[in-house]
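Residues per chain are reported as follows:
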Amino acid sequence: MKRIFYALIFALFAASAWADASVKINVKWLYKDFASPVSIYEVKGQPALWQMKSVPSLADAPVKKLIPGSSFKILPGQSKRFVLVVKNPIDQPLYFFATPHMVHPEDDALGFKFKCLCINHSYTIGPKETWYRVVEFRLNKDFVDGELTLTHNILGIDKKRAASFANEPVSPDM
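Position numbers for residues start from 1 in each chain and track the written sequence from start to end. Reporting of local features is limited, given that this is a predicted model, to residues whose pLDDT is at least 70; pairs of side-chain atoms are given and counted only at 80 or more, and all residues count toward the totals for whole chains, interfaces and linings. Computation of side-chain values: all heavy atoms of the structure, hydrogens and water removed.

With respect to the helices and strands, the residue T130 is situated in strand β11 (residues 130–139). Contacts: residue pairs with any heavy atoms within 4.5 Å of one another. Residue contacts for T130: discarding those within four places in its chain leaves K53, S54, V55, S57, L58, V85, V86, K87 and I125. Secondary structure elements are defined from DSSP: runs of H or I of at least 4 residues count as helices, runs of E of at least 2 residues count as strands, and each element is numbered from the N terminus.

A word on the pairing of strand β1 (residues 23–32). Criterion used throughout: strands pair if DSSP finds at least two bridges between them. Note that β1 and strand β5 (residues 71–74) share four bridges and pair antiparallel. Paired with V23 across the bridge in β5 is I74. Here β1 pairs with strand β12 (residues 147–156) via nine bridges, running parallel. By the bridge assignment, L30 is partnered in β12 with N153.

In this section: the confidence of the model for the chain. Averaged over the chain, the pLDDT score is 85; the fraction of residues at 70 or greater is 84%. Highest mean pLDDT in the chain belongs to strand β2 (residues 38–43) (98); lowest belongs to helix α1 (residues 2–21) (50). Counting interchain partners and residues more than four positions distant, the pLDDT-below-50 stretch residues 5–19 has two contacts. Predicted confidence for residues 168–174 stays below pLDDT 50, and this span has 14 contacts to residues more than four positions away or in other chains. By definition, pLDDT measures how confident the predictor is in each residue, and it falls between 0 and 100.

Okay, structure coming up:
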């Protein structure tokens, strides 16, 4: 009985130590000329980093459950893959791009990598389709703060402007 008690105490201590050491990551979006929100989902399976498609429905994307509030916790030294998702509710294609992310607090811009969608590339979502992109967030083992917010501006653009940036090479998995 003592062993069970000590094991329970140890498990509670370990869980609270993990909670104290974890870093809350908030992924936020600001929109200009673009009405479809970006959501983030847990990844299903092992799709390649930066895999991206416009598919007929969310069921065709490599996603599990929605990540509530677009926030998650991660320990220093770990990485997390997840999926960015945008649904196009209209009968016309949507075109957009993302500006480089802003970091808050700014002092924490050193100590992480976010392999996201701000890579000087435009994106297209087919009519009535769902677009997704597999991304990854990596936190340096020496990261010290308890919370980090990354904000992208998502800008809607027209077909002509999108075409001029759609054929840029996408960076390989690093």
